[in-house]
Amino acid sequence: MLTDPLMQRALVAALLVGLAAPVMGTYLVQRRLSLLGDGIGHVALTGVALGWLVGNAMGLVEGALAIPGAVVAAIAGAVVIELVRERGRTSGDVALALLFYGGIAGGVLLMSLAGGTNANLMAYLFGSISTVSGTDLGLTVALALIVLVVGVGLRAALFAVCHDEEFARAAGLPVRLLNIAIAVVAALTVTVAMRVVGLLLVSALMIVPVAVAQLVASSFRRTMTLAMVIGVSVCLTGLSITYWRDLSPGATIVLLAIAVYAVVSAVRPLVRRRRPHDPHPHVPDDVRVAV
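The shown structure was predicted, so the numbers you read here are calculated from the model rather than taken from an experiment. (Residues numbered from 1 in each chain as written. Predicted model: local features only at pLDDT ≥ 70, side-chain atom pairs only at ≥ 80, totals over all residues. Heavy atoms only, no water.)

Enquirer: I'm lost on the overall build of the chain in this one. Help?
Expert: What the chain contains, in helices and strands, is 12 helices and 0 strands. Ordering the α and β elements of the chain from the N terminus gives α-α-α-α-α-α-α-α-α-α-α-α. Taking all 291 residues of the chain together, the buried fraction comes to 45%. The contacts in the chain between residues at least 6 apart in sequence include a share of 75% that link residues at least 24 apart. When the accessible surface of the chain is summed, it comes to about 14,800 Å², and 66% of that surface belongs to carbon and sulfur atoms. (Helix = DSSP H or I, 4+ residues; strand = E, 2+ residues; numbered from the N terminus. Buried < 20%, exposed > 50% of the residue type's maximum accessible area, 1.4 Å probe, protein only. Contact = heavy atoms within 4.5 Å. Areas by Shrake-Rupley, 256 points an atom, 1.4 Å probe, with all protein chains shown as cover.)

Written out as structure tokens, the structure reads:
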């Protein structure tokens, strides 16, 4: 498997997606915006179709501008929903619903105008890692590095904004700028994971590893670190399974993540029961009993 050039590119892409997606998912879960990835993914579908339309008009190879188009559309959609949420003109769920329906409809309409078919959208909706080219991999590496640098490098400031905006504003942090940064990086994360798990499943890869980590970890930093480990593990394992079995990589990866969540949820109460409860775990015991 490791000697196949196709699988080499696919494994690198899966590794990067497994690292990047849970990073932004940690912030989205903290802000209770777990479905934001779905909304951005639907808008990115419009960008994919728009890229096809522009590429065909320029005489380029079909799909050459699909990923750049998805990046532009996803960033625009994420910024719009953040501004709508901030101004409070409509509730967050209504804004997400508009992104859901408008993104899907716009993608299908533009793809038909570009001379393509709905089958051309399937690779982006459900992932098609077997078609990842060297150019696609280069874009994935660049976008994943941006996500990791911003998500990990600005962790303290972004956590402050996600946890309590009023406190962050009182502390002098640029709250609006940081909120927009979260939205933009979330959009980049969606486009990074698009070719691996697909736009319809990308939100699961952003959220489920974080949900698993929250069952075990006791701090924000540990949650993010463990979620990244889980994301990489399920991505590489799922991709390896699909090398030997004719299965959809995206669906396999997401179902593996959900299976891990189910197992950890079932085992966690049993482990807690066996462990003696210490009401003050950070305070050293001051009483020693000699046996």
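Let's pick the thread back up.
Enquirer: Help me understand the pattern of salt bridges, please; the structure alone is not making it clear to me.
Expert: Opposite charge on two side chains allows them to pair when their charged atoms are near. Counted under the stated rule, the structure contains 1 salt bridge. As a salt-bridge pair, E166 and R169 come within 3.4 Å of each other at their nearest N and O atoms. Remark: R169 and E166 occur in helix α8 (residues 165-170); sequence separation between them is 3 residues, near one turn of the helix. Using a relative accessible area of 43% as the deciding quantity, one classes R169 as partly exposed. (Salt bridge = Lys/Arg side-chain N within 4 Å of Asp/Glu carboxyl O.)

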